[in-house]
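Geometric and topological summary
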Amino acid sequence: MTAAEKAKAPPIDVPRDGPELTGAELQRRLARTWDSPPGLIGWLSSVDHKDVGRRYIVTALLFLALAGALAIVMRLQLARPGNDMVGAARYNEIFTMHGTTMMFLFAVPVMQGMQIYLTPLMVGTRSTAFPRLNAFSYWTYLAGGCLLWVAFILNIGPDVGWFAYPPLSGPQYGIGKRADIWAQMVTFTEIAALAAAVSLVATILKQRAPGMTLARMPLFVWATLVTSLMVIFSMPSVALASGMLLSDRLVGTQFYNPVERGDALLWQHLFWFFGHPEVYIIFLPATGFISEIVATFARRSVVHYPIVVLSLVATGILAFGLWVHHMFATGLPRVGYSFYTAASIAVSVPTGLQIFCWIATLWEGRPRLEVPLLYVIGFIFTFVIGGLTGVMIAAVPLDLQLHDTYFIVAHFHYVLIGGAVFPLLGAITYWFPKLTGRMMSEGLGKVGFWMIFLGFQLAFFPMHIAGLNGMPRRVYTYPAGMGLELPNMLSSIGSLVVALAVLLFVVNMVKSVLVGKKADPNPWNAPTLEWATACPPPRYNFAHIPMIDSRTPLWDQGKRMPVVHGLRVEDRELLLTSVLAAEPDVREPSAEPSLWPFIATLAVTVMFVCSIFSPWAVLFGAVPVTIALIAWFWPKSPVPDPEPTIS
Amino acid sequence: MNRRAAICVLLAAPLANCGGVQTALGGEGAEGANFVRLFTVFMIVCAAMYLIITVGLIVALRRRKSALTLDDRRHHETSPVLRPALAIWTALVVTGLAALTVASFLTDRSNAAVARDSRLTLTVTANQWWWDVEYHSPDASRTVHTANEIHLPVGVPAEVILKSNDVIHSLWIPNLAGKQDLIPGRVTDLQLVPRKAGQYRGQCAEFCGIQHSLMALDVTVESKADFQRWYQAQLQPAPPPAGSLEVAGYGYFTTRECSSCHNIGGTPASGQIAPDLTHFASRRSIAAGTLPMTQANVARWLADPQAQKPGNHMPNIGLSPDQVRALTAYLGTLK
């Protein structure tokens, strides 16, 4: 408590937490300060990271269900050769919607939702940095998702693939407004992702509890830091790409039109410079889940912590040097390809090291085979196959055969479902008490795990063979007699098993929310700070900000954890700490609930949707956006209160 | 083909199709054979790595003694053995991956070396959703123009120049070689060295619009003599129609909408935006691999192309059944 002890005596007139104000009285007053206003307006103006995170997660899971339903439709169509259940045009819309929804509306948002919910709890603070920006992020994401799905329901949904290669998506071949809706949906989600990422980076770097140096940060927080920085560096690339596509389509800029000396390949460079890091933006948070779950259920801290951290950072950096491996068949110079082969194979080294550390942790520990750990085991068995097929397609001579076939479909579902969805389901089970206050059913959880694990293998392993047997991706039908009947039938049956398993997971969630066992603050005996507060946490997260001197504070410091005193109680106030050593720095006011982020999203939505139809909408639509932003940032009080510093 | 057999076993034998007309495991071309060899090497190394990881995981889960856990308050300690274990694991991974990278480079070089002595040049131009094929000859009168099929003499390296007239496509004939994109505004190329005579199938591998699925082409690899015979036949103009039904079909073809898009050498039909039909009946399939070449299928196609391949650019021009019969008969003479 050295730093806090040095604090100047606070002015008497402002109530602060401390020895004189603690316990139930403090909690009552903090709850009043941090509560959201009642009613619908209050619901819309909440800036609580727990509300935003929960909304993100629930919305993303709804999009998962929608995109999963489309997957089932595709598998039914492909169950038999020459099937005519779904026509060519509709099928193209369906696989475009499936990929777009899964990547932009499920995978990235659900990870960011978990990060928004958990990060402030794990670093021991009362809110995220920029809470209004966080709320704006969610509303913008929701608007983008609604735009895409309303368009699909109105039969003007995109049909150019989730990658939307021009010229197919350009004005000459992508007729109608389908491709514009896709590109504008990307604009919404990239703004949302950037806003959330900025907020998370600032939270992690400046709001960690005193004593939580970078070397004591939970591994999930490290993963969040790395992925959020990756979002900040990669999203501008797709913003540029989709912006240029929109201007090609709307005002005839011809960036991608080879006839007018544009270049069709420019899109692919920009898109994959975002698209490949995107995979790690989805995967690295999942490795964060794994590290936390492994530590808790092996009942020891993760072995070789620095190696895991360096692996995360190395993956984050290498991920930006791989994008050309999506373009091996485009005829770029062979020497250049060699570098991308080497880099793509090299990126599996840090992941291999992480896997070693997890297995070593289980080896050193005494693993309890509960549902979250089952998902970790399922993850290793499944993801490693996807990682190894990834090594195969990094080699140019192999990729030229396997690229754009069902082998690739198998590969990235092994990586994304095995590598991200399995850990996510484990993480939801693990943090469910923190999210809802109740435990998930263990019996249903185990049945669900085995169903999804085995169903997944049945659905996706045969796709490797379909690809080798000559089945390209994105086909709505295939001829009989090429050895494709059996693998496709098996895949279709497997997909139904997966669908049932997901349904079972949902049933388990709903049942557990309603009648699940009530959870103590730390039901798994976990080591990290989010378990130091109630399930679910109060609005203010922590009555007192804890002080940390270990990577596993709840195991090492137990109930006698020292705390910081002196934060205001009647105003929302956070403790900022220094970036590296997490020494107390300043006290910082935190934004009050506000309706303006929601209104700003409405204004932005009107501008974006109208600009699909006319470039003038950008000009006129900017006026309400500006008004909303001015109101959002309008200073609350012209005279700032005097602010004593802590140290 | 021991290697092929090895892969088939590795990949759950009953599912893998090593003798098909469109399979990456065929290895009937130089690059295709290189793929099979390299894929086998990768499979073996990757299977070994997978085995090490999963066995390690199972052992770690079943181990029950000398745990360093919270229960003994030793949860921050690690066994001394883990430090060398990490070093060995890292060395193993790096060595394995470096070996695979080198194997990949060597194979890539071998594929590139194939390109140096091509003796046959043809251009494949992709269109939504069919392939235009042109064989070049220094003598312009010996240029052959066909569509949706290529014939190659066995053992002769061929250079395929790739272009696109509209969107990005990708030419993939897995039995012979890997795929290569056809990109508007760019020229790419593909080297094919067929090593075994046979009938194969290629397909578009880059999503190119509504009928991406039905954009295939027939590949025939034959002896040099057979290839020369085929080439000579392709140089001939279409024969004049003989029977009355064929004459009627010829009349419809040259006076109705057909000839504004399609070309038939030696007739007034000289459209250039749809497949050349001069030797239509000598091909194995209709509409870029959509239907097998039979009289009944030709009639079905003519009666309603949109029903067979929805969204393709050939409109239903409302032919009467008699006209369909006559046109089918005439097209059947275009051997």
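Residues numbered from 1 in each chain as written. Chains lettered and ligands numbered in written order. Predicted model: local features only at pLDDT ≥ 70, side-chain atom pairs only at ≥ 80, totals over all residues.

Helix and strand counts for chain B stand at nine helices and 12 strands. What you see for chain B is a C-alpha radius of gyration of 27 Å, clearly larger than the 20 Å of a compact globule of 335 residues, by over 25%. Out of the 335 residues belonging to chain B, those deemed buried represent 42%. Pairs at least 24 apart in sequence give 63% of the contacts found in chain B among residues at least 6 apart. (Helix = DSSP H or I, 4+ residues; strand = E, 2+ residues; numbered from the N terminus. Rg over C-alpha atoms; globule rule 2.2 N^0.38 Å. Buried ≥ 20, exposed ≤ 12 C-beta atoms within 10 Å, placed from the backbone. Contact = placed C-beta atoms within 7 Å.)

Below, the discussion takes up the overall build of chain A. On a plain count of helices and strands, chain A comes out with 20 helices and four strands. Its C-alpha atoms put chain A at 80 × 60 × 50 Å along the principal axes. Considering only contacts within chain A whose residues lie at least 6 apart along the sequence, 81% involve residues at least 24 apart.

Before going further, it helps to examine the interface of chain B and chain A. Taken together, the 76 residues of chain B in the interface contact 73 residues of chain A. Elements with a contribution of two residues or more to the side of chain B that touches chain A: α2 (30-62), α3 (82-114), β6 (169-172) and β7 (180-182) of chain B. For the side of chain B that touches chain A, the element with the most residues is α3 of chain B, which contributes 15 residues. Among the residues making up the side of chain B that touches chain A, the classes are represented as 40 nonpolar, 28 polar and eight charged. (Nonpolar A, V, L, I, M, F, W, Y, C, P; charged D, E, K, R; others polar.)

Let's shift gears to the domain arrangement of chain B. Residues and elements named next belong to chain B. Per the domain assignment, the segments making up chain B are domain 1 (2-115), domain 2 (118-235) and domain 3 (244-332). Between domain 1 and domain 2, the residue contacts involve 14 residues of the former and 18 residues of the latter. Looking at the side of domain 1 that touches domain 2, its residues break down into seven nonpolar, five polar and two charged. (Domains from an automatic or database assignment.)

A few words on the nonpolar core. Core analysis: the biggest nonpolar cluster contains 301 residues, and Ala107 and Val294 of chain A have the highest contact counts within it. If we skip the residues at most four places from it in the chain, alanine 107 of chain A touches Met102, Ile282, Leu416 and Ala420 of chain A. (Core = buried A, V, L, I, M, F, W, Y, C linked by C-beta atoms within 7 Å.)

Let us now look at the pairing of β6 of chain B. Residues and elements named next belong to chain B. Neither face of β6 is open: one carries His169 and Leu171, the other Ser170 and Trp172, and all of them are buried. Strand direction decides the pairing type here: β6 and β7, joined by three bridges, are antiparallel. Looking at β7, one finds that leucine 171 is bridged to glutamine 180. The sheet contact formed by β6 and strand β9 (residues 198-204) spans two bridges and is antiparallel. Bridged to leucine 171 within β9 is cysteine 204. (Pairing = 2+ DSSP bridges.)

Now for the sheet that holds strand β5 (residues 158-164) of chain B. Hydrogen bonds along the backbone pair up the strands of a sheet, which may run parallel or antiparallel. Residues and elements named next belong to chain B. On the basis of which strands lie adjacent, the open sheet formed by five strands has the order β3-β2-β1-β5-β8 and mixed pairing. Edge strands, defined here as strands with exactly one partner in the open sheet, are β3 (144-147) and β8 (188-192). When strand polarity is set aside, the average angle formed by the axes of neighbouring strands in this sheet is 25 degrees. Examined bridge by bridge, strand β1 (residues 120-127) and strand β2 (residues 130-135) share six bridges and lie antiparallel to one another. Within the sheet, the bridge partner assigned to asparagine 127 lies in β2 and is tryptophan 130. (Axes fitted to C-alpha atoms, helices over the stretch in contact; angles between N-to-C directions.)

Once that is clear, we can look at the packing of helix α11 (residues 334-346) of chain A against α3 of chain B. In the contact formed by α11 of chain A and α3 of chain B, the axes pass within 10 Å of each other and the chain directions differ by 160 degrees. The orientation of α11 of chain A with respect to α3 of chain B, classified from their angle, is roughly antiparallel. Between α11 of chain A and α3 of chain B lies a crossing whose hand is right-handed. On α3 of chain B, the residues touching Arg334, Ser338, Thr341, Ala342 and Ile345 of chain A of α11 of chain A are Leu97, Leu100, Thr101, Ser104, Phe105, Asp108 and Ala112 of chain B. (Parallel < 35°, antiparallel > 145°, perpendicular 65-115°, else oblique. Left-handed = near helix turned anticlockwise from the far one by under 90°.)

Residues and elements named next belong to chain A. Within the secondary structure layout, isoleucine 465 lies in helix α16 (residues 442-468). For isoleucine 465, a count of 27 C-beta atoms within 10 Å translates into the label buried. C-alpha separation for the pair isoleucine 465 and leucine 486, spaced 21 residues apart in sequence, amounts to 9.8 Å.

Residue and element names in this part refer to chain B. Pairing is mixed across the open sheet formed by five strands, whose spatial order is β4-β10-β9-β6-β7. A strand with exactly one partner marks an edge of an open sheet, and here the two such strands are β4 (149-153) and β7. Each adjacent strand pair in this sheet contributes to an overall mean axis angle of 25 degrees, direction not counted. The strands touched by helix α4 (residues 224-235) within the sheet are β4 and β10 (216-222), with β4 carrying the most contacts at an inclination of about 140 degrees.

Interpretation of the predicted coordinates at a detailed level should be avoided for regions scoring low in pLDDT. Residues and elements named next belong to chain B. Summary statistics for chain B give a mean pLDDT of 92 and a share of 93% for residues scoring 70 or more. No element of chain B has a lower mean pLDDT than helix α1 (residues 2-10), at 51, and none a higher one than β6, at 98. Predicted complex, confidence summary: ipTM 0.95, pTM 0.95. (pLDDT = per-residue confidence, 0-100.)

What follows covers the packing of helix α4 (residues 49-78) of chain A against helix α5 (residues 88-123) of chain A. Residues and elements named next belong to chain A. One way to put it is that α4 packs onto α5 with a least axis distance of 7 Å and a crossing angle of 155 degrees. Classified by the interaxial angle, the pair formed by α4 and α5 is roughly antiparallel. Like other packed secondary-structure pairs, α4 and α5 cross with a definite hand, here left-handed. A per-class count over the contact of α4 with α5 returns 26 nonpolar, seven polar and two charged.

All names here are of chain A. Cis geometry marks the peptide bond from proline 166 to proline 167; its omega dihedral reads 5 degrees. For proline 167, the location among the structural elements is in the loop between α6 (131-153) and α7 (178-206). Cis geometry marks the peptide bond from cysteine 535 to proline 536; its omega dihedral reads -15 degrees. With respect to the element layout, proline 536 can be found in the loop between α17 (485-515) and β1 (545-546). Even without a glycine there, the phi angle at histidine 304 is positive, about 55 degrees. Summarising the element assignment, histidine 304 is placed in the loop between α9 (264-298) and α10 (305-318). Even without a glycine there, the phi angle at alanine 582 is positive, about 55 degrees.

A word on α9 of chain A. Residue and element names in this part refer to chain A. Its 35 residues give α9 an end-to-end C-alpha distance of 51 Å, which sits within 8% of 51 Å, the value for a rise of 1.5 Å per residue. Where α9 bends most, at tryptophan 272, the angle is about 30 degrees. Of all 35 residues in α9, 32 are buried; the element is thus mostly enclosed. At the exit of α9 stands arginine 299, carrying a positive phi of roughly 60 degrees. (Expected span 1.5 Å × (residues − 1). Bend = angle between axes of the 7 residues up to and from the residue.)

Our next topic: the environment of glutamine 401 of chain A. Locating glutamine 401 of chain A in the fold gives a position in helix α14 (residues 396-402). Between the C-alpha atom of glutamine 401 of chain A and that of aspartate 84 of chain A, which follows or precedes it by 317 residues, the distance is 28 Å. Those residues in contact with glutamine 401 of chain A that sit more than four places away from it in its chain are Ala24, Phe35, Pro174 and Gly178 of chain B.

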